[in-house]
Amino acid sequence: MTPRRGWLPRPGQQVTVHGNMTVVERVGSSVVQNFDQPPLYHLGPATRAPLDVDREKVREHPSQLLNPRYPQPEFVGRAALLGDLREWRDAKAASSALLLHGPGGQGKSRVAEEFARESREAGWTVFQVRHGSDRMTRSHPPSPLPEADGDSDGLLLIVDYADRWPARDLTDFMTDCAGQGDPALRMLFIARAATGWWSTPSKHLWDLGAQVEERELPALTEEIDRATLFAAARDHFGAALGVTAPPRTPPELSGDGFATVLAVHMAALAEVDAVRRGQDPPRSPAEISTYLLLREQTYWEQLRAAGQASIPPATFARTVYAATLTGALPWPQAHEVLTRLDVNPGDPGLALDDHGVAYPAREQDTVLEPLYPDRLGEDFIALMLPNGPMRSVLSTAWTTQAPQRLFAFSEESAEGLSWPRRALITLIETAQRWDHVAERQLVPLLTAQPTLVHRAGSAALSALVRIRSVPPELLDAIESGLPFRNPELDAGAAEIARYVTPFRLRRADGDAAALAEIHSDLAHRLYTSGAYAAAVTRIEASIGLLEELAGQGDPYPERLAACLDWAGIMYEFKGDHARALECTRQCAALYQELAARHKDEPETCGRFQRRLTYVLANLAGRVLLGPPERLEVAQEAVEACRALVHGDLVPRDVELAGALHNLGTALHRLGRHEESLAPLREATAIRRAQAAGDFAFYAQYLEQLLGVLTHQLALVGRRREAFSATQERIGVLRRLAEADPGRFAGALARAERQLEALR
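Values in this document were obtained by computation on a predicted structure and should not be read as measured data.

Quick look at the overall build of the protein chain
Consideration 1: What the protein chain contains, in helices and strands, is 29 helices and 8 strands.
Consideration 2: In the protein chain, once contacts between residues fewer than 6 apart in sequence are set aside, the share between residues at least 24 apart is 71%.

Written as structure tokens, this is what we have:
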């Protein structure tokens, strides 16, 4: 057996997927393999037996009771939502995915766990999927996985924190799922938000043939009275802490601060613990977080007094701060993080050891286990920073420059590190609820290092526009520095571009040329994110302005031509083939006019003629052209290119390969299949040579041509040559899918199936 990254387990097995290697457990024998790559994702049980509660231990450290590893208050409500989830699961679709999103602390993971339990009881095989960088536990005893049985209704995979996955890893996982062939496949993705990141994976799922839905999780506090939730949680935590005396009057639970289940549970836990200790319970959300975090500090002091730890509370606090930002890490990376933050200078290892006593690692090869739940950890980061909305005894000036020290690295030195992405996401999530974190930490950090946010992904980029303290000038600078096409960032870049466009339009102050550029830039961002209709609206606005300016002479006619070329592409993707054809024809005519106008200026005329070859190649590919006209345009494009290349077999600034590609396609559409092979082979040879010199730019054109050539070879009965061309295409697609899975992983899977059909 040679496992691949995409191998999914049968019921009763536990697996970890390591790049192109797989380790399989509980299969009745040992499978041992060496691997160099970190795991891409883990699959494990979706429900776990909770840890036993040690009353004395949780009395010293009560926030543990908020950790999902321990028994939680009874699951209540969500009847309508669970009904919707059952309906989605039991629908007849072979493969479907659903995104469930809502704010942190809303109870998304509890809903997913309850749905997983119900689904197992209903006969489904259920697994939890975690990213390879997520150091979640597999060390405490899991609930038994279902035994292998041929009667399973299907496979349900639950992906929590999906918005924190790198886009390429998420789409790789989706591609793996698509090839399983189970009777039914359901993928439930859990995230805080849907904007800015979901468009790329959802489009990929559609390409793979899956049905895609999304639902926002409503606040449970709108379904069930908050006082009822509080009372149930108070009784649960009271039993765990051994509090039998009736608690005092509960706090006032109205307002946004208690809108989430977690906020109500935190209030109940603080209430019970304060009563047990004879103190007045905290009331406001910030006071409740402060109370629970001060209990953490008391716990550190108790460990030191008992001789179980030696670092002082201040050092403990800094170590916990680091752990909350970065999450669990291998020891060398954790040591580097504490060194960067100047935690326990001279002996960061001692701080790591003592922190491990207070917060034992869930996996044996890691340290810096973070505070749980996430929201409490985010509050700790906020309350450590001085001059917040309330005076906190937890605050320290050390925190002010901590993010700058943590992220003071070069791009090269950060390669291979997982923690910068998580740390930045955590800081952004914290800043959404705590204005002083945004103003005093996040904004200065990103102002000094605007490209840093490239590491955080689309979901984090989109979150920036929801933070009122982030000024539009900063978002403008961030968006301007984002790459034009990057699947990790495209959706978030479009979200920021939408947000800052009104600011840019005001700044342009009526300058038509500047306004045209702003609309064009936004159109390109929208296009790369897949929002074709919105992109068309913006490119039309740019064209309208440039048409008015074109009469003023250079450079406006050339800019108008470029916009018309892009408009044709955007209309084609939108499905408006008539407007696509019209815009591309207008563009071709304009470039011809510009070339003629500058015929006495060889360099300028040549530039327009070269641009014209690309437009003619685009024109020959327009859907609405009839076969004879398409052939005529394609021949014109080839002739124009040959007149410019002067014997250059690999032209870089003339679209000879694209023109030959379209000529072959035009001949095919006229039924002249044998004739089509010559231009297609010549085009492939050019693309092959171009890709050898610049793979990143030309490889996608090469793989497209190889796909067309394969089809044409198979059509005329040359299966051996078709097989060889498909093998070459698969090699190209594998490299492309590694860099940009959102666009190429589906094509790779289809090409592999085509290769099997040609054997």
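Section: the pattern of salt bridges
Consideration 1: Enumeration according to the criterion identifies 36 salt bridges in this entry.
Consideration 2: Residue Glu572 is joined to Arg622 by a salt bridge in which the shortest nitrogen-to-oxygen separation is 4.0 Å. Residue Glu572 is found in helix H21 (residues 556-574), and its partner Arg622 is found in the loop between helix H23 (602-620) and helix H24 (627-645); the two are separated by 50 residues along the sequence.
Consideration 3: What makes Glu572 buried here is its relative accessible area of 16%.
Consideration 4: Here the residues in one salt-bridge network are Arg192, Glu378, Asp379, Glu429 and Arg433, joined through shared partners.

A few points about empty space enclosed by the protein
It is the rolling of a water-molecule-sized probe over the atoms that shows where space remains empty.
Consideration 1: Under the definition given, this model contains 4 cavities of 30 Å³ or more.
Consideration 2: Of the pockets and cavities examined, the largest cavity occupies roughly 110 Å³.
Consideration 3: Forming the walls of the largest cavity are 16 residues, and the residues nearest its centre are Trp165, Ala167, Trp197, Ser458 and Glu488.
Consideration 4: Every element with two or more residues in the lining of the largest cavity is listed here: helix H4 (167-178), helix H5 (199-207) and helix H16 (458-464).

Considering the side chain of Glu703
Consideration 1: Residue placement: Glu703 occurs in helix H27 (residues 695-715).
Consideration 2: Not counting residues within four places of it along the chain, the set of residues in contact with Glu703 comprises Arg729, Val732, Leu733, Leu736 and Phe744.

Things to note about the packing of H21 against H23
Consideration 1: In contact at an axis separation of 11 Å, H21 and H23 are set at 15 degrees when each is read in the N-to-C sense. Classified by the angle between their axes, H21 and H23 sit roughly parallel to one another. Where H21 crosses over H23, the handedness of that crossing is left-handed. Here Glu558, Asp565 and Ile569 of H21 lie close against H23, whose contacting residues are Arg607, Phe608, Arg611, Val615 and Asn618.
Consideration 2: When the residues that make up the contact of H21 with H23 are grouped by side-chain class, the tally is 3 nonpolar, 1 polar and 4 charged.

Quick word on the side chain of Thr501
Consideration 1: Summarising the element assignment, Thr501 is placed in helix H18 (residues 490-508).
Consideration 2: Owing to a relative accessible area of 1%, Thr501 belongs among the buried residues under this scheme.
Consideration 3: Filtering out sequence-adjacent residues up to four positions away, Thr501 remains in contact with Ile518, Leu522 and Arg538.

Examining helix H8 (residues 285-305)
Consideration 1: Counted at 1.5 Å a residue, the expected span for H8 with its 21 residues is 30 Å, and the 30 Å between its end C-alpha atoms agrees.
Consideration 2: Inspection of H8 places Ala286, Ile288, Ser289, Thr290, Tyr291, Leu292, Leu293, Arg295, Glu296, Tyr299, Trp300 and Leu303 among the buried residues, and these make up the whole buried set.
Consideration 3: In this fold, the buried residues of H8 make contact with helix H1 (55-60), helix H7 (261-276), helix H9 (313-326), helix H11 (348-358) and helix H12 (374-384).
Consideration 4: Note on H8: the residue one or two positions beyond its end, Gly307, has a positive phi of about 75 degrees.

Description of the environment of Leu505
Consideration 1: Of note, Leu505 is situated in helix H18.
Consideration 2: The spacing of Leu505 and Ala516 is 11 residues in sequence and 9.7 Å in space, taken between C-alpha atoms.

Calculation notes
- Residues numbered from 1 in each chain as written.
- Predicted model: local features only at pLDDT ≥ 70, side-chain atom pairs only at ≥ 80, totals over all residues.
- Heavy atoms only, no water.
- Helix = DSSP H or I, 4+ residues; strand = E, 2+ residues; numbered from the N terminus.
- Contact = heavy atoms within 4.5 Å.
- Salt bridge = Lys/Arg side-chain N within 4 Å of Asp/Glu carboxyl O.
- Buried < 20%, exposed > 50% of the residue type's maximum accessible area, 1.4 Å probe, protein only.
- 1 Å grid on protein atoms, 1.4 Å probe; cavity = no way out; pocket = protein on both sides within 12 Å on 5 of 7 lines; lining within 4 Å.
- Points joined across faces, edges and corners; volume = space filled by probe spheres on them.
- Axes fitted to C-alpha atoms, helices over the stretch in contact; angles between N-to-C directions.
- Parallel < 35°, antiparallel > 145°, perpendicular 65-115°, else oblique.
- Left-handed = near helix turned anticlockwise from the far one by under 90°.
- Nonpolar A, V, L, I, M, F, W, Y, C, P; charged D, E, K, R; others polar.
- Expected span 1.5 Å × (residues − 1).

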